[in-house]
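What follows is each chain in one-letter form.
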Amino acid sequence: MAKPKLLAHVCCAPDAAYVVGLLRERFDLTAYFYNPNIHPREEYNLRVDEARRVAGRFGFPMIEGEYDDDRWRRLTEKFKGEPEKGRRCDVCYALRLERTARAAADLGFEFYTTVMSLSPWKKAAVLNRIGRMLGRRFRVRFLEADFKKKDGFRKSTELSRSLGLYRQDYCGCLYSRQERQARLSRHPEHPDHSADEKND
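The model shown is predicted, which means the values in this text are computed figures rather than measured ones. (Residues numbered from 1 in each chain as written. Predicted model: local features only at pLDDT ≥ 70, side-chain atom pairs only at ≥ 80, totals over all residues. Heavy atoms only, no water.)

## Structural notes on the side chain of glutamate 50
Which entries qualify depends on this criterion: Where helices and strands are cited, they refer to DSSP runs of H or I of at least four residues and of E of at least two residues respectively, numbered from the N terminus. In what follows, residue pairs with any heavy atoms lying within 4.5 Å of each other are defined as contacts.
Structurally, the position occupied by glutamate 50 is in helix 2 (residues 41-58). Discounting residues that sit within four places of it in the chain, glutamate 50 has contacts with Ala13, Gly164, Leu165 and Tyr166.

## Side note on the pairing of strand 4 (residues 111-114)
For the record, the criterion: When accessible area is computed with a 1.4 Å probe and restricted to protein chains, residues below 20% of their type maximum are described as buried, those above 50% as exposed, and intermediate ones as partly exposed. Here the rule is simple: two strands pair whenever DSSP picks up at least two bridges between them.
Side chains of strand 4 alternate between two faces, with Phe111 and Thr113 and Tyr112 and Thr114 buried alike. Sheet topology places strand 1 (residues 5-10) next to strand 4; 4 bridges connect them, and they run parallel. When the sheet's bridge partners are listed, leucine 7 is paired in strand 4 with tyrosine 112. Of the strand pairs in this sheet, strand 4 and strand 5 (residues 141-142) are connected by 2 bridges, and their pairing is parallel. Residue tyrosine 112 lies in a different strand from strand 5, and its bridge partner there is phenylalanine 142.

## Topic: the sheet that holds strand 1
Within a sheet, adjacent strands bond to each other through the backbone by hydrogen bonds, running parallel or antiparallel. Note the threshold: Axis geometry follows a simple rule: fit a line to the C-alpha atoms, using only the stretch in contact for helices, then measure angles between N-to-C directions, giving values from 0 to 180 degrees.
Here we have 5 strands laid out as an open sheet, ordered 3-2-1-4-5, and parallel in their pairing. Single-partner strands in this sheet number two, and they are strand 3 (62-64) and strand 5. Pairing between strand 1 and strand 2 (residues 28-33): 6 bridges, direction parallel. Bridging across to strand 2, lysine 5 finds its partner in aspartate 28. Here helix 2 sits on the sheet and contacts strand 2 and strand 3; the angle it forms with strand 3, its principal contact strand, is near 160°. Of the strands in this sheet, strand 4 and strand 5 are in contact with helix 5 (residues 124-138), which crosses strand 4 at around 155°.

## Thoughts on the environment of lysine 3
Short version of the rule: Polar contact is defined as a pair of N or O atoms within 3.5 Å, subject to the rule that within protein one atom must be able to donate a hydrogen and the other to accept it, and that residues adjacent in sequence are counted only when both atoms are side-chain atoms.
For lysine 3, the position within the fold is in the segment before strand 1. On the accessibility criterion, lysine 3 (42% relative accessible area) is partly exposed. For the pair lysine 3 and alanine 105, spaced 102 residues apart in sequence, the C-alpha separation works out to 17 Å. Residues within four places of lysine 3 in sequence aside, it is in contact with Arg24, Glu25, Arg26, Phe27 and Asp28. At 2.8 Å, the side chain of lysine 3 and the backbone oxygen of arginine 24 are in polar contact.

Here it is, written out as structure tokens:
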């Protein structure tokens, strides 16, 4: 019996490596890398290269969306003063999920989802609410999840280290990078270990 087709938005290689392993048991999975929030371009290139490496290693196809960071900046500019997990993040979730849902509908997928809920810094309830709403709009079912449950984040960290994957030390966007740099300048004596906590 054929597995249902699922388009999974992936934000980075560490999250993709763990979550894709869970989902492929149930779905015919294709990854979708669309993350215009990642700044600067050099960081984007590093993350997409690592995602390609994971896709090649585990043998799943990956579609790459465009890097339209100008659009991301226009949409999030008025929320630039918001803290992480604030309204700026909600806008960012919606932008990436909207593009994934649209692609899933255009390409004939039955389901779509995102791996972002694996991160402790991502709000699964908000992701699922936005995903459901966009699923109704584009007539494609959203697979709700909170992948950090059942110790998912710790397991993903161990897996990514065993694979030698790059683990980023900030969310990805311009504003989270600035926040990290400010934090380090205030407390230079305390090295930043946020790579163990943050994924894009």
